[in-house]
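Observations on chain architecture
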Amino acid sequence: MDKTTNLAIDTIRTLSMDAVQKANSGHPGTPMALAPAAYVLYKNIMNYNPRNPNWINRDRFVLSCGHASMLQYSLLYLTGFDVTLDDLKDFRQWGSKTAGHPEYGHTPGVETTTGPLGQGFANAVGMAMAEKHMAAVFNTDNHEIIDHHTYCICSDGDLMEGISHEAASIAGHLKLGKLICLFDDNNITIEGKASMSCSDDQVARFKAHGWQVIDLGEKGNDIDAIEEAFQEAKSNTDQPSMIILKTTIGYGSPNKQNTPGAHGSPLGDEEIVKTKEYYEFPSAEPFFIPDDVLNHMRTVVEAGVESETKWNDRLAKYQKDHPKLAEKLHTHLNHSFPENWDSEVPVFSPKDGPMATRAVNSSFLNAVADKLTWLVGGSADLEPSTKTLIKNSDYFQSETPQGRNIAWGIRELGMCAASSGIQLHGGLRPYAATFFVFTDYARPAIRLAALMNQPVIYAMTHDSIGLGEDGPTHQPIEHLASLRAMPGLTVIRPADANETTEAWKAALKNQSGPTMLVLTRQKLPILDRDKYAPADMLHKGAYVISPEKGSTPDVVLIGTGSEVHLLIQAQEELHKDNIDARVVSMPSWELFEQQSNEYQEKVLPAGVRKRLAVETGASLGWHRWVGDQGDLITVDHFGASAPYEEIFEHFGFTVENIVKKAKALHNN
């Protein structure tokens, strides 16, 4: 290793130590250990342009062990991204670009938000899936316009998390040959040695998953061996690759290396001085960067600009040789909606008969699939139930990567995290489907999609006690309340088939965050839109679907999903007793909250305080809408196994009970 290279690696280490020390919090040990491998990646292996972090054909890098964020921040600064030395000095401080864990959209060069262990690994799988699909769709014999790798660094903790097994399994099955991961095998966790809790044979594990495994052993500082390993991994396009590298956490720290003390706390001023002496670093001054190092590292800027320029030249020739494909690529990269893209979406009428809202998935997706070719997705082994198959497309398999249907298998968390990776890659818009109750498994990935403002679409079916005979294990109760509490997630529970098509349109048009469609297993009446308000009012979040007869309602009945038609029937019964009721369909609290105060007042007048909300889910949150004089028919206990009609009757979701409750409100 030449002197400048060695000094550059030590600079990565010292910047990481100094930033953690100044912040008085953070994780210095892993950056110190991984500096050689990360140097090799950023300096010698990856193809990227620091001047344009969003170049579509760049290599992606995911730091799955996001607690080691200073490793990435140091390299982003040294390689010329829009990260300054002052940003490094402001590590973990208010408003800084250098948050405690890497955050997508907050720091240039960060491809995904990481920190919850294992999820970055699954995001990387999704990115590699997107690259493989787009390469299959857009590349020709003479033009490889999409051709890049996804790199990921992961830790002991990442590989202990269950999601890593889900993601590794499907990556091997799909033969994602352009996915290259490096496992930092430092055998240290917060509590002590990783071997206290894990004795997995990672070589055997990943080989069993269908990966190429390159075991470097104790070569954490051997940059030649590390670079050779990456090159070997790049040469294997038939398998994802796992490079296993034993490192020493806190490398060079005389008192803390190879101990849990180097993991998640500052080393201390004296220890840092001693560590810099061990490195023979030219200065003990915090944040010192030798000029030779900065000049050496910044050469990647010129190389990156040149690489993108050459790609742009190839793109220009591609556009000339394949204008239709080039136009399609532009559409994909911008998620463009062609004119009349929804012209073939069916409009349902009562004569079509009752229809489960989940069944609309199929009719909607297949009405728009040919026009929205950037839309891809699948279910967690439940497509016959979720109805989410694009019928004129193959499944995405290793032999048919152009397929738009993804068979995720029974991997709900892996599905949703990899879907975020697909979205983050660019060029595709994913949807993920399963039963609503299984958001329990997927919630961490949904939360990160919301945190990153990624417009993944979740089609969640079997939405309530209406699931029926499968019983309480499969009947979501608290899920609507808990997911509505998640910032940035739009939850929509449509009342009939036509509201469901509008819900899909709303989801597709929402570019600022994820949308969750919550759909029924049981069939629901299709409401007569000649008699009731039009279904496109769904985009307001709540609307008066059936108004009162007079000028002011005596009582307001509010419902979502399968309960709305019950409210309409109850309204008719109340009219017989001269109680003038208004029915409000409220499919999405989040969309309603976006409306003006004037509109909200029109739907839920402050002067009408007799309100009854009806929903087959938990009561939590509904008091906001019904007020102190309102009432609820909800479910604050687990369900039961029986035909859903019987469950509804036992739990009070009947026209008779709604009328009874409304009368009691009116008479009080």
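Residues numbered from 1 in each chain as written. Predicted model: local features only at pLDDT ≥ 70, side-chain atom pairs only at ≥ 80, totals over all residues. Heavy atoms only, no water.

**Considering the environment of Gly353**
Short version of the rule: In this text, helices come from DSSP runs of H or I with a minimum length of four residues, and strands from runs of E with a minimum of two, each type numbered from the N-terminal end.
Summarising the element assignment, Gly353 is placed in the loop between helix 12 (323-334) and strand 6 (355-356). Along the sequence, Gly353 and Ile526 sit 173 residues apart, while their C-alpha atoms lie 6.8 Å from each other.

**Digging into the pairing of strand 2 (residues 150-155)**
We count it as follows: The rule is simple: take the accessible area with a 1.4 Å probe, protein chains only, and divide by the maximum for that residue type; under 20% is buried, over 50% is exposed, in between is partly exposed. Paired strands are those between which DSSP finds at least two bridges.
Among the 6 residues in strand 2, 6 count as buried, and that is most of the element. The alternating pattern of strand 2 places Thr150, Cys152 and Cys154 and Tyr151, Ile153 and Ser155 on opposite faces, both of which are buried. Of the pairings in the sheet, the one linking strand 1 (residues 60-63) to strand 2 comprises 4 bridges and is parallel in character. Residue Arg60 lies in a different strand from strand 2, and its bridge partner there is Thr150. Bridging between strand 2 and strand 3 (residues 179-184) involves 6 bridges; their strand directions are parallel. Its bridge partner being in strand 3, Thr150 is matched across the sheet by Leu179.

**Things to note about the sheet that holds strand 15 (residues 555-559)**
The test is simple: Lines fitted to C-alpha atoms define the axes, with helix axes restricted to the stretch in contact, and inter-axis angles between N-to-C directions lie between 0 and 180 degrees.
With mixed pairing, 5 strands are arranged side by side in an open sheet as 14-16-15-17-18. Edge positions in the sheet fall to strand 14 (543-546) and strand 18 (631-633), since each of these pairs with one other strand and no more. This sheet shows a mean twist of 30 degrees between the axes of neighbouring strands, independent of strand direction. Where strand 17 (residues 611-614) and strand 18 come together, 3 bridges link them in parallel fashion. Each bridged residue has a counterpart across the sheet, and for Leu612 the counterpart in strand 18 is Asp631.

**Description of the pattern of salt bridges**
To be explicit about the condition: For this analysis, a salt bridge means a side-chain nitrogen from Lys or Arg found within 4 Å of a carboxyl oxygen belonging to Asp or Glu.
The final tally for this structure, using the stated rule, is 22 salt bridges. Between Glu563 and Arg493 there is a salt bridge whose closest N-O contact spans 2.5 Å. Of this pair, Glu563 sits in the loop between strand 15 and helix 19 (564-576) while Arg493 sits in the loop between strand 11 (490-492) and helix 18 (497-509), and the two are 70 residues apart along the sequence. Residue classification places Glu563 among the buried residues on the basis of a relative accessible area of 0%. With relative accessibility at 1%, the residue Arg493 sits in the buried group. Residue Asp496 pairs with Arg529 through a salt bridge whose shortest N-O separation is 3.1 Å. With Asp496 in the loop between strand 11 and helix 18 and Arg529 in the loop between strand 13 (523-524) and strand 14, this pair connects stretches of sequence that are 33 residues apart. Using a relative accessible area of 0% as the deciding quantity, one classes Asp496 as buried. In the salt-bridge network here, residues are joined through shared partners; they are Glu131, Asp147 and Lys178.

**Digging into the UniProt feature "binding site: thiamine diphosphate" (unreviewed entry) in the chain**
As a reminder, the rule being used: UniProt positions are given in the numbering used here, feature names are shortened, and annotations may be inferred rather than shown by experiment. We call two residues in contact when some of their heavy atoms are within 4.5 Å.
This chain's UniProt record puts "binding site: thiamine diphosphate" (unreviewed entry) on His67, Gly115, Pro116, Leu117, Gly157, Asn186, His263 and Phe438. Separation in sequence by 372 residues is matched in space for these annotated residues, since their most distant C-alpha atoms are 34.2 Å apart. With respect to the helices, strands and loops of the structure, Gly115 is situated in the loop between helix 4 (85-89) and helix 5 (119-138). Those residues in contact with Gly115 that lie beyond four places of it in its chain are Ser64, Gly66 and His101. Position of His263 among the secondary structure elements: in the loop between strand 5 (241-245) and helix 10 (269-279). Of the residues examined, His263 reaches a relative accessible area of 11% and is grouped as buried. In this view, His263 contacts Gly26, His27, Pro28, Gly29, His67, Ile190 and Ile249; residues no more than four positions away in its chain are not counted.

**Some remarks on the packing of aromatic side chains**
For clarity, the threshold we go by: Under the pairing criterion, centres of Phe, Tyr and Trp rings, with the six-membered ring standing for Trp, must be within 6.5 Å; the plane angle then separates stacked pairs below 30 degrees from edge-to-face pairs above 60, leaving the rest tilted.
Within the structure shown, the criterion is met by 25 aromatic pairs. Taken together, a centroid distance of 5.7 Å and an interplanar angle of 10 degrees make the contact between Tyr48 and Phe81 stacked. Separated by 33 residues along the polypeptide, Tyr48 in the loop between helix 2 (29-45) and strand 1 and Phe81 in the loop between helix 3 (69-78) and helix 4 bring together distant segments of the chain. Neither Tyr48 nor Phe81 differs from the other in exposure class; each is buried. Both rings, one in Phe592 and one in Tyr599, keep their centres 6.2 Å apart while their planes meet at 70 degrees; by these two values the pair is edge-to-face.

**What about helix 16 (residues 439-451)?**
For clarity, the threshold we go by: Every helix has an expected span of 1.5 Å times one less than the residues it contains. Throughout, bend refers to the angle between the axes fitted to the seven residues that end at a position and the seven residues that start at it.
Compared with an ideal rise of 1.5 Å per residue, which puts 13 residues at 18 Å, helix 16 spans 17 Å between its outermost C-alpha atoms and is within 8% of the ideal. Maximum bend of helix 16: about 35 degrees, positioned at Ala445. Within helix 16, the full set of buried residues consists of Thr439, Ala442, Ala445, Ile446, Leu448, Ala449 and Ala450. Each element contacted by the buried residues of helix 16 is listed here: helix 5, helix 15 (412-425), strand 9 (429-435), strand 10 (457-461), helix 17 (479-484) and strand 12 (515-518).

**Structural notes on the state of the cysteines**
Disulfide: a covalent bond formed between the sulfur atoms of two cysteine residues. For clarity, the threshold we go by: Note that a disulfide, as used here, is simply two cysteine sulfur atoms within 2.5 Å.
Throughout the structure, instances matching the rule amount to 0 disulfides. As a non-bridged cysteine, Cys65 has Cys154 as the owner of its nearest cysteine sulfur, 7.2 Å distant.

**Quick look at the nonpolar core**
Quick reminder of the rule: Side-chain atoms within 4.5 Å link the members of a nonpolar core, which is a set of buried Ala, Val, Leu, Ile, Met, Phe, Trp, Tyr and Cys residues.
Counting 72 residues, the largest nonpolar core has Phe121, Met129, Leu179, Trp211, Met242, Tyr458 and Met516 as the members making the most contacts within it. In terms of residue count, helix 5 provides more of this core than any other element does, 12 residues in total. With residues near it in sequence (within four places) discarded, Met516 still touches Phe436, Thr439, Ile446, Tyr458, Met460, Leu483, Leu489, Thr490, Val491 and Ile492. Grouped together as the second largest cluster of nonpolar side chains are 60 residues, Met32, Tyr42, Leu78 and Leu88 included.

**Here we look at the packing of helix 1 (residues 3-23) against helix 2**
Formally: Note that the term roughly parallel is reserved for angles under 35 degrees, roughly antiparallel for angles over 145, roughly perpendicular for angles of 65 to 115, and oblique for everything else. Less than a right angle of anticlockwise turn of the near helix away from the far helix marks a crossing as left-handed, whereas a clockwise turn marks it as right-handed.
Contact geometry of helix 1 with helix 2 gives a least axis separation of 9 Å together with a crossing angle of 140 degrees. Between helix 1 and helix 2, the interaxial angle falls into the category oblique. The handedness of the crossing between helix 1 and helix 2 is right-handed. Every residue of helix 2 that contacts helix 1 at Thr5, Ala8, Ile9, Ile12, Arg13, Ser16 and Met17 is listed here: Pro31, Met32, Ala35, Pro36 and Tyr39.

**A closer look at the environment of Ile190**
Tracing the backbone through its elements, the reader meets Ile190 in the loop between strand 3 and helix 8 (202-208). Residues Ile190 and Thr259, 69 residues apart in the sequence, show an inter-C-alpha distance of 9.1 Å. When neighbours within four sequence positions are excluded, Ile190 is seen to be in contact with Pro260 and His263.

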